Amino acid sequence: MRLLHTMLRVGDLDRSIAFYTEVLGMTLLRRKDYPDGQFTLAFVGYGDEAHNSVIELTHNWGVDSYELGTGYGHIALEVEDVYKACEDIRSRGGRITRKPGPMKHGSSILAFVEDPDGYRIELLSAKRND
């Protein structure tokens, strides 16, 4: 078994694709409309789906926002340098919601960014101690 993808429901698919590709540097792998079901799926990631886990962005036509609820936590991305990644993300219009620094009660360097729908994305240093 292997992890294939994580699905997120998004209110504006083009805005979300722009965030994940232009701000976080992922690639749009595929996109398909399903007119009978009135939804569109787009898959983004850092590599092909045959060898990497990706994110499925689901847009239900006519729905422009969702309540995230209290059960969702975050997606984590490994980056070489959290401080530099935050600078790059901020310069491309991304919203940093937790400045880079050591984790609370630990020493691993991390930060958080939010996507346009409010989903939290953790940036973790490749060199982790916790």
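All figures in this text were calculated on a predicted structure; none of them were measured in a lab. (Residues numbered from 1 in each chain as written. Predicted model: local features only at pLDDT ≥ 70, side-chain atom pairs only at ≥ 80, totals over all residues. Heavy atoms only, no water.)

Caption draft 1: A look at the side chain of D115. Following the sequence through the fold, D115 ends up in the loop between β7 (109–114) and β8 (120–125). Look at D115: it is buried, it has no salt bridge, and the nearest opposite charge is R15 at 7.0 Å. Polar contacts involving the side chain of D115 include one to the main-chain amide nitrogen of D117, which spans 2.8 Å. Of note is the side chain of D115, whose polar atom sits 2.9 Å from the backbone nitrogen of Y119. When residues no more than four places from it in sequence are discounted, the contact partners of D115 are L8, F19, Y20 and I121. (Helix = DSSP H or I, 4+ residues; strand = E, 2+ residues; numbered from the N terminus. Buried < 20%, exposed > 50% of the residue type's maximum accessible area, 1.4 Å probe, protein only. Lys, Arg positive; Asp, Glu negative; His and termini not counted. Salt bridge = Lys/Arg side-chain N within 4 Å of Asp/Glu carboxyl O. Polar contact = N/O pair within 3.5 Å; in protein donor to acceptor, adjacent residues only side chain to side chain. Contact = heavy atoms within 4.5 Å.)

Caption draft 2: Fine view of the packing of aromatic side chains. Taken as a whole and assessed by the stated rule, the structure comprises three aromatic pairs. Taken together, a centroid distance of 4.7 Å and an interplanar angle of 15° make the contact between Y34 and F39 stacked. Owing to a relative accessible area of 27%, Y34 belongs among the partly exposed residues under this scheme. With 5.2 Å between their ring centres and 75° between their planes, Y72 and Y119 make a pair best called edge-to-face. Of the two residues, Y72 is situated in the loop between β4 (54–60) and β5 (75–79) and Y119 in the loop between β7 and β8; the sequence distance between them amounts to 47 residues. Relative accessible area serves as the criterion here: at 28%, Y72 is assigned to the partly exposed category. Sitting over the ring of F43, R30 keeps its end group 3.8 Å from the ring centre. (Phe/Tyr/Trp six-rings, centres within 6.5 Å; stacked < 30°, edge-to-face > 60°. Lys NZ or Arg CZ within 6 Å of the ring centre and 35° of its normal.)

Caption draft 3: Broad picture of helix α1 (residues 13–23). L13, S16, I17, F19, Y20 and V23 are the residues of α1 that are buried. Capping the start of α1 is the job of one residue whose side-chain oxygen sits 3.3 Å from the backbone nitrogen of D14: D12. Where α1 terminates, the next one or two residues include G25, which has phi positive at roughly 80°.

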